[in-house]
Amino acid sequence: MVLKILTTLRNNWKKTVFGGVVVAYGTNYVINRIECNNLMTAYCQRAVQYGEQPIGSGAPLRKIIVILNPAADKRSAKKNFEKYCAPILHLSGALVDVKVTKGEGDARKLVESLKERVDAIVIAGGDGTISEVVTGLLRGFDHDCSMARRLPIGILPLGRNNHIARAIYGDPSDRDGQVETAEALARATMTVVEQARSSEMNALCVQVLQQTETEDGSEAEPSSLVPDSNKFYALHSIEWGNLKNAQTKRDKYWYLGPLKPYLTYAFNGLSLDQVKARVLYSAPCSGCKQCYTKRSDVRIEPKKQWFEKFVTKNTADVKSKNYALIENAQCGVLNQRLVSSMDMRVTV
């Protein structure tokens, strides 16, 4: 009987190979679905514990605004959000309002015009969406970082380039498997619900400068440059050049298979054209009278009179640095440097 079956399989080897591939694919698909369902069940049960917590009489529900970019990661962001992120957010007991962007710059406009009470903003997208939301947030607060610091931001890594999310969650750059994708997104969503991991990140302010000319037609000095009123912000880094342009064309070479990332840079990233820029920067300042007076969340103590040192106090004096007495002539002074390279990246 066994010999007859083996003979039949050998005589029909094409059908045997095809059937084996179908069975292997189906088995792997079923296993991944079971693992994803078990994973989401565990995370949803954790979220329900927060949703079942009692709240005080008259206390408002926690309101979360989700800025979702459906075009992120080759238009798979919306499907992954609804499958792995939305159930956890809704079960946590928060009032979730999902705002879907329709084009470039829409996320910035949504946040900039936000007038309602919000407890947190959750960004569902990649690095570009994060930059737009942070820009709209700081513009809405009139570029006051002390006010924007009071509104926490959550990040769901649903984009192609998730450099900021990897810096926070430590996720790998590529999530090829369905289970790995579900694990990364569910863990990031649960972090937003539990508010377990929060830290301040430096924002990189980019301001376009308008070049002016002197009376004789020559270029003006850096101190004579007139800044544009529109500023945009970025977290972690900003990059431009040949290699960055090559990344945007990676999907164009889909037919190259596993060689796509390497040949994309070979075709587009090895151009001899260099990016030239005039970089204006100010040296870092550890704190002085000029820069600390611009912050509304830092209170500068007035200068004490000479006789106050002889007055005894019942409580112990807390020694703190008085920035009102510190002078730094180089604080805020712009320095100029001409640079040229194939690719440039500024990281904070």
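Per-chain numbering applies: the sequence of each chain, read as written, is numbered from 1 onward. A pLDDT threshold of at least 70 governs which residues receive local features in this predicted model, and a stricter bar of 80 or more applies before side-chain atom pairs are shown or counted, although totals over entire chains, interfaces and linings include all residues. Just so you know, side-chain values use all the structure's heavy atoms and leave hydrogens and water out.

Another point: the overall build of the chain. Under the DSSP-based scheme used, a helix requires at least four consecutive residues in state H or I and a strand at least two consecutive residues in state E, with every element numbered from the N terminus. Helix and strand counts for the chain stand at twelve helices and ten strands. Within the chain, buried positions represent 31% of all 348 residues. By definition in these notes, contact holds between two residues if any of their heavy atoms fall within 4.5 Å. The long-range fraction of contacts in the chain, counting pairs at least 24 apart against all pairs at least 6 apart in sequence, stands at 74%. Looking at the chain as shown, the accessible area adds up to about 23200 Å², and 54% of this sits on carbon and sulfur atoms. For every residue, the accessible area obtained with a 1.4 Å probe (protein chains only) is divided by the maximum for its type, and the residue is called buried under 20%, exposed over 50%, and partly exposed between those limits. The accessible surface values rely on the Shrake-Rupley method and a 1.4 Å probe; as for residues, cover is taken only from the protein chains in view.

The subject of this paragraph is the packing of helix α4 (residues 77–91) against helix α9 (residues 178–194). For helices, the fitted line uses only the C-alpha atoms of the stretch in contact; every axis is such a line through C-alpha atoms, and the angle between N-to-C directions lies from 0 to 180 degrees. Axis separation between α4 and α9 bottoms out at 9 Å; the angle between their running directions is 30°. In terms of crossing hand, the pair formed by α4 and α9 is right-handed. Residues Asn-80, Tyr-84, Cys-85, Ile-88 and Leu-89 of α4 touch α9, and the partners they reach there are Gln-178, Thr-181, Ala-182, Leu-185, Ala-186, Thr-189, Met-190 and Val-193. Here the residues of the contact of α4 with α9 sort into nine nonpolar, four polar and no charged. Left-handed describes a crossing in which the near helix is turned anticlockwise from the far one by less than a right angle; the clockwise case is right-handed. Note that Gly is not counted as nonpolar here; it falls among the polar residues with everything else outside the nonpolar set of Ala, Val, Leu, Ile, Met, Phe, Trp, Tyr, Cys and Pro and the charged set of Asp, Glu, Lys and Arg.

With that settled, consider a nonpolar patch on the surface. Exposure above 30% relative accessible area and the lack of any salt bridge qualify a residue for a patch; like charges then connect within 9 Å, and the nonpolar side chains Val, Leu, Ile, Met, Phe, Trp and Tyr within 5 Å. We count a salt bridge whenever a side-chain nitrogen from Lys or Arg sits within 4 Å of a carboxyl oxygen from Asp or Glu. On the surface, Tyr-25, Tyr-29, Val-30 and Ile-34 cluster together to form a nonpolar patch covering roughly 440 Å² of accessible area. Counting through the fold element by element, Ile-34 comes out in helix α2 (residues 13–51). By relative accessible area, which is 46% here, Ile-34 ends up partly exposed.

What follows deals with the pairing of strand β1 (residues 63–68). Most of β1 is tucked away: six of the six residues are buried. The alternating pattern of β1 places Lys-63, Ile-65 and Ile-67 and Ile-64, Val-66 and Leu-68 on opposite faces, both of which are buried. As paired elements, β1 and strand β2 (residues 95–100) share six bridges and run parallel to each other. Residue Ile-67 lies in a different strand from β2, and its bridge partner there is Lys-99. Sheet analysis places β1 next to strand β3 (residues 120–125), joined by five bridges and oriented parallel. Paired with Ile-67 across the strands is Ile-123, a residue of β3. A strand pair is defined by DSSP finding two or more bridges across the two strands.

Let us look at the nonpolar core. Side chains of a nonpolar character, in soluble globular proteins, are inclined to be buried together. If you look at the biggest cluster of nonpolar residues, it comprises 50 residues, and the most contacted ones within it are Val-66, Phe-81, Ile-88, Ile-121, Leu-156 and Leu-158. In terms of residue count, α9 provides more of this core than any other element does, eight residues in total. The residues touching Ile-88, leaving out its near neighbours within four places in the chain, are Met-40, Tyr-43, Cys-44, Ala-47, Ala-186, Thr-189, Met-190 and Val-193. Here, nonpolar core means buried Ala, Val, Leu, Ile, Met, Phe, Trp, Tyr and Cys residues that are tied together by side-chain atoms lying within 4.5 Å of each other.

The next thing to look at is α2. Helix length check: α2 (39 residues) gives 56 Å between terminal C-alpha atoms against 57 Å at 1.5 Å per residue, within 8%. Taken as a whole, α2 has its buried residues at Asn-32, Cys-36, Leu-39, Met-40, Tyr-43, Cys-44 and Ala-47. For a helix, the expected span equals 1.5 Å multiplied by the residue count minus one.

Our next topic: the packing of α2 against α9. Closest axis-to-axis distance for the α2/α9 pair is 10 Å, and the angle between their directions is 5°. Classified by the angle their axes make, α2 and α9 are roughly parallel. Every residue of α9 that contacts α2 at Asn-32, Arg-33, Glu-35, Cys-36, Leu-39, Met-40, Tyr-43, Arg-46, Ala-47 and Tyr-50 is listed here: Gln-178, Val-179, Ala-182, Glu-183, Ala-186, Arg-187, Met-190, Val-193 and Glu-194. Of the residues contributing to the contact of α2 with α9, the split by class is eleven nonpolar, two polar and six charged. Roughly parallel covers angles under 35 degrees, roughly antiparallel covers those over 145, roughly perpendicular covers 65 to 115, and oblique covers all other angles.

By definition, the strands of a sheet pair up through backbone hydrogen bonds, in either a parallel or an antiparallel sense. Strands sit in the order β2-β1-β3-β4 across an open sheet of four strands; the sheet is parallel. A strand with exactly one partner marks an edge of an open sheet, and here the two such strands are β2 and β4 (153–157). The mean angle between the axes of side-by-side strands here comes to 20°, regardless of whether they run parallel or antiparallel. In the packing of α4 onto the sheet, contacts are made with β1, β2, β3 and β4, and the angle to β1 comes to roughly 170°. The sheet strands contacting helix α6 (residues 127–140) are β1, β3 and β4, and the helix crosses β3 at an angle near 150°.

For the rest of this paragraph, the subject is α4. Taking 1.5 Å per residue as the helical rise, α4 with its 15 residues ought to reach 21 Å, and the 20 Å between its terminal C-alpha atoms agrees with that figure. Roughly 45° is the biggest bend found in α4, and it falls at Cys-85, with proline Pro-87 one to four residues downstream. Of the residues making up α4, those classed as buried are Ala-77, Asn-80, Phe-81, Tyr-84, Cys-85, Ala-86, Ile-88 and Leu-89. Within two residues after α4, Gly-93 carries a phi angle of roughly 90°, on the positive side. Consider a residue and the seven residues that end there alongside the seven that start there; fitting an axis to each set, the bend is the angle between those axes.

These results come straight from atomic positions and should not be treated as a statement about function.
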